[in-house]
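Understanding the architecture of this molecule
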Amino acid sequence: MTDMRRFIERMPKAELHVHVEGTLEPEMKFDLARRNDIALPYRSAEEMRAAYDFDDLPSFLKMYYEGMGVLQAEQDFYDLTTAYLTKAHSQNVVYAEMFFDPQAHTTRGIDYDTVIRGIRRAQVDAQDRLGIRTQLIMCFLRDMSADSAMATLEQSLPYRDWLVGVGLDSDEKGNPPIKFKAVFDRARAEGYGLTMHCDVDQENSTRHIWQTLEDIGVDRIDHGVNSLEDEALCDEIVQRGLALTVCPISNKCITGSLKAVEIRRMLEKGMRATVNSDDPAYFLGYVQENLVATQKEADLSRDQVVRLAANAFEASWLPAEEQRGLLSRLESYVASEAGA
Ligand code: ADE
Ligand code: ZN
């Protein structure tokens, strides 16, 4: 193992961009399909993985939505979340903010309550058992209507204390941030943190990123790599201190490039880039593999790797005192490794 890989592996890390449904590994799909008496169009987990051959966002999303059909009961959501948190813990992720897509389940007849209760129970148990701290972010599907998103926001209110924020995901083409302005205004009034996907190399990418700033007033941007095409946009992101949750292996699967050099440029410009896994079961890499691939391709220094990790703790939606605690864990780790 190289020194850098070992350094990254042992470093305390946070993950701010992971879709819990995107952590559904083929082996678990087969287990859940058996448990729920569902037929799958593949003979084995290997055959399923071999079919993960995406070349754009819609081709990935098709597989992602088909895959989650095996999630039916509260226990399924519990098992899914527990498996992700166990894996994340094994990579020294000490804090994770996870997305979930309630509309992808309620539209298939699964109750909102079933989904969120299973995820929540896994979060509480993982904190007790492993000490991993987590929070949950509800995403709206942007290729559904704003009315549907608003109804979903209302469904979330009885569970307000279990959610830290809202996001926006799914197919960006023809679904700009502004479509959801009223929903995000209402979410802000409810005290939710606000983030939105600005997926990589989409039609009107920079226009959409401007909208998240000027029309929505997001607290964070998911992906957002195309901001680098517009100097004024980068300046505005720096000035607002907004973090970007970049997902290199996801980028590679969807656009053909990790965008690792772009991550280095963001750091050099003082933009608060972070490295995340997005949908690790589909893109075949968790946060460790994402950091290692980025460091290697962009030839990042140890300080830059630590900056990526610190950015994630600083950009988290944790109370300031908890953020400080995690940052000092990172600092102690770096001090213990100095000269190593
Ligand atoms: N849903 C799950 N992963 C996503 C991604 N990378 N972009 C948009 N929607 C998603
Ligand atoms: Zn995502």
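Reference entry: report on the structure contained in this document.

About the criteria used
Residues numbered from 1 in each chain as written. Chains lettered and ligands numbered in written order. Predicted model: local features only at pLDDT ≥ 70, side-chain atom pairs only at ≥ 80, totals over all residues. Heavy atoms only, no water. Helix = DSSP H or I, 4+ residues; strand = E, 2+ residues; numbered from the N terminus. Buried < 20%, exposed > 50% of the residue type's maximum accessible area, 1.4 Å probe, protein only. Lys, Arg positive; Asp, Glu negative; His and termini not counted. Salt bridge = Lys/Arg side-chain N within 4 Å of Asp/Glu carboxyl O. Polar contact = N/O pair within 3.5 Å; in protein donor to acceptor, adjacent residues only side chain to side chain. Contact = heavy atoms within 4.5 Å. Pairing = 2+ DSSP bridges. Disulfide = S-S within 2.5 Å. Phe/Tyr/Trp six-rings, centres within 6.5 Å; stacked < 30°, edge-to-face > 60°. Lys NZ or Arg CZ within 6 Å of the ring centre and 35° of its normal. Expected span 1.5 Å × (residues − 1). Donors = N, O, S within 2.8 Å, 3.2 Å for Na, K, Ca; no water. Tetrahedral: all angles 85-135°; square planar, octahedral: opposite > 155°, others 65-115°. Core = buried A, V, L, I, M, F, W, Y, C linked by side-chain atoms within 4.5 Å. Near = heavy atom within 4 Å. Areas by Shrake-Rupley, 256 points an atom, 1.4 Å probe, with all protein chains shown as cover. 1 Å grid on protein atoms, 1.4 Å probe; cavity = no way out; pocket = protein on both sides within 12 Å on 5 of 7 lines; lining within 4 Å. Sits in = over half its atoms within 2 Å of the grid points.

Turning to the side chain of Asp-169, a few remarks are in order. Relative to the elements of secondary structure, Asp-169 occurs in strand 4 (residues 165–169). For the buried Asp-169, no salt bridge exists, and the shortest N-O distance to an oppositely charged side chain is 7.5 Å, to Arg-142. Within the local environment of Asp-169, its side chain forms a polar contact with the side chain of His-19, the two groups lying 3.3 Å apart. With residues up to four places along the chain from it excluded, the contact list for Asp-169 reads His-19, Asp-101, Cys-139, Phe-140, Leu-141, Arg-142 and His-197.

Let's shift gears to the pairing of strand 1 (residues 13–19). For a regular strand, the rule is simple: side chains alternate between the two faces of the sheet. Summarising burial for strand 1: 7 of the 7 residues are buried, a large majority. Strand direction decides the pairing type here: strand 1 and strand 2 (residues 93–100), joined by 5 bridges, are parallel. Bridge assignment links Glu-15 to a residue of strand 2, and that residue is Ala-96.

Attention shifts here to the state of the cysteines. Under the criterion given, the structure shown has 0 disulfides. In this structure Cys-198 is not part of a disulfide, and its nearest cysteine sulfur, from Cys-139, lies 12 Å away. Judged by relative accessible area, Cys-198 falls into the buried class, the value being 1%. Cysteine Cys-247 remains unbridged, with the sulfur of Cys-253 as its closest cysteine sulfur at 11 Å. Judged by relative accessible area, which is 0%, Cys-247 ranks as buried.

So, about the packing of aromatic side chains. Centre distance and the angle of the planes are the two values used to describe a pair of aromatic rings. Following the criterion strictly, the structure yields 14 aromatic pairs and no others. Seen from their ring centres, Phe-60 and Tyr-282 are 5.7 Å apart, and the 80° between their planes marks the pair as edge-to-face. Of this pair, Phe-60 sits in helix 4 (residues 57–67) while Tyr-282 sits in helix 14 (residues 280–283); the two residues are 222 residues apart in sequence, bridging distant segments of the chain. When sorted by exposure, Phe-60 lands in the same class as Tyr-282, which is buried. Every member of this aromatic cluster is reached through a ring pair, and the members are Tyr-52, Phe-54, Phe-60, Tyr-64, Tyr-65, Tyr-282 and Phe-283. We note Arg-121 situated over the ring of Tyr-78; from NZ or CZ to the ring centre the distance is 4.2 Å. The residue whose ring lies beneath Arg-160 is Tyr-192, and the NZ or CZ to ring-centre distance is 4.1 Å.

Moving on: helix 5 (residues 74–90). Relative to the 24 Å expected for 17 residues at 1.5 Å per residue, helix 5 spans 24 Å between its end C-alpha atoms, a close match to the ideal helical length. Residues Asp-76, Phe-77, Tyr-78, Leu-80, Thr-81, Thr-82, Tyr-84, Leu-85 and Ala-88 constitute the buried set of helix 5. Those residues of helix 5 that are buried are in contact with strand 1, helix 2 (26–35), strand 2, helix 6 (103–106), helix 7 (112–130) and strand 3 (133–141). Just beyond helix 5, the residue with positive phi is Asn-92, at close to 65°.

Bringing the environment of Ala-232 into the picture now. Within the element layout of this structure, Ala-232 appears in helix 11 (residues 231–240). Taking the C-alpha atoms as reference points, Ala-232 and Trp-210, separated by 22 residues in sequence, lie 9.9 Å from one another.

Okay, the coordination of the zinc ion (ligand 2) next. All of the protein donors around the zinc ion (ligand 2) are His-17 (NE2), His-19 (NE2), His-197 (NE2) and Asp-278 (OD); their distances to the metal are 2.1 to 2.2 Å. Classification of the site at the zinc ion (ligand 2) rests on its 4 donor atoms, whose angles at the metal span 84 to 174°, yielding the label irregular. Considered as a linear motif, the donors of the zinc ion (ligand 2) on their single chain read H-x1-H-x177-H-x80-D. Considered together, His-17 and His-19 belong to a single accessibility category, that of buried residues.

Right, let's talk about the nonpolar core for a bit. Formed by 109 residues in total, the largest nonpolar core has its most connected members in Phe-100 and Phe-184. Here the element with the most residues in this core is helix 16 (residues 302–315); it accounts for 8 residues. Dropping the residues within four chain positions of it, Phe-100 is found in contact with Val-20, Glu-21, Tyr-112, Val-115, Ile-116, Ile-119, Leu-136, Ile-137, Met-138, Cys-139 and Leu-163. Counting residues in each nonpolar core, the second largest holds 5 residues, with Ile-137, Cys-139, Val-164 and Trp-317 among its members.

Attention shifts here to the site of ligand 1. By nearness alone, every residue bordering ligand 1 is listed as His-19, Leu-57, Phe-60, Leu-61, Tyr-64, Asp-169, Ser-170, His-197, Asp-199, His-223, Asp-278 and Asp-279. One of the side-chain nitrogen or oxygen atoms of Asp-199 is found 2.9 Å away from a nitrogen atom of ligand 1. Within the contact set of ligand 1, a nitrogen atom lies 2.7 Å away from a side-chain nitrogen or oxygen of Asp-279. Burial of ligand 1 by the protein chains amounts to 100% of its free accessible area of 260 Å². Judged by its atoms lying within 2 Å of the grid points, ligand 1 is housed in the largest cavity. Considering every element that reaches the shell around ligand 1, the biggest residue donor is helix 4, with 4 residues.

On to the pattern of salt bridges, then. In the structure shown here, the tally under the stated rule is 25 salt bridges. Notably, a salt bridge pairs Glu-25 with Arg-49, separated by 3.2 Å at the nearest N-O pair. In this pair, Glu-25 sits in the loop between strand 1 and helix 2 while Arg-49 sits in helix 3 (residues 45–50), placing the two residues 24 residues apart along the sequence. Note on Arg-49: relative accessible area 25%, which makes it partly exposed. Asp-201 is the partner of Lys-259 in a salt bridge, and the nearest nitrogen-oxygen pair spans 3.2 Å. Placement of Lys-259 in the loop between helix 12 (248–255) and helix 13 (260–268) and of Asp-201 in the loop between strand 5 (193–198) and helix 10 (205–216) is noted, with a sequence separation of 58 residues between them. The structure contains a network of salt bridges with shared partners spanning Arg-6, Arg-10 and Glu-337.

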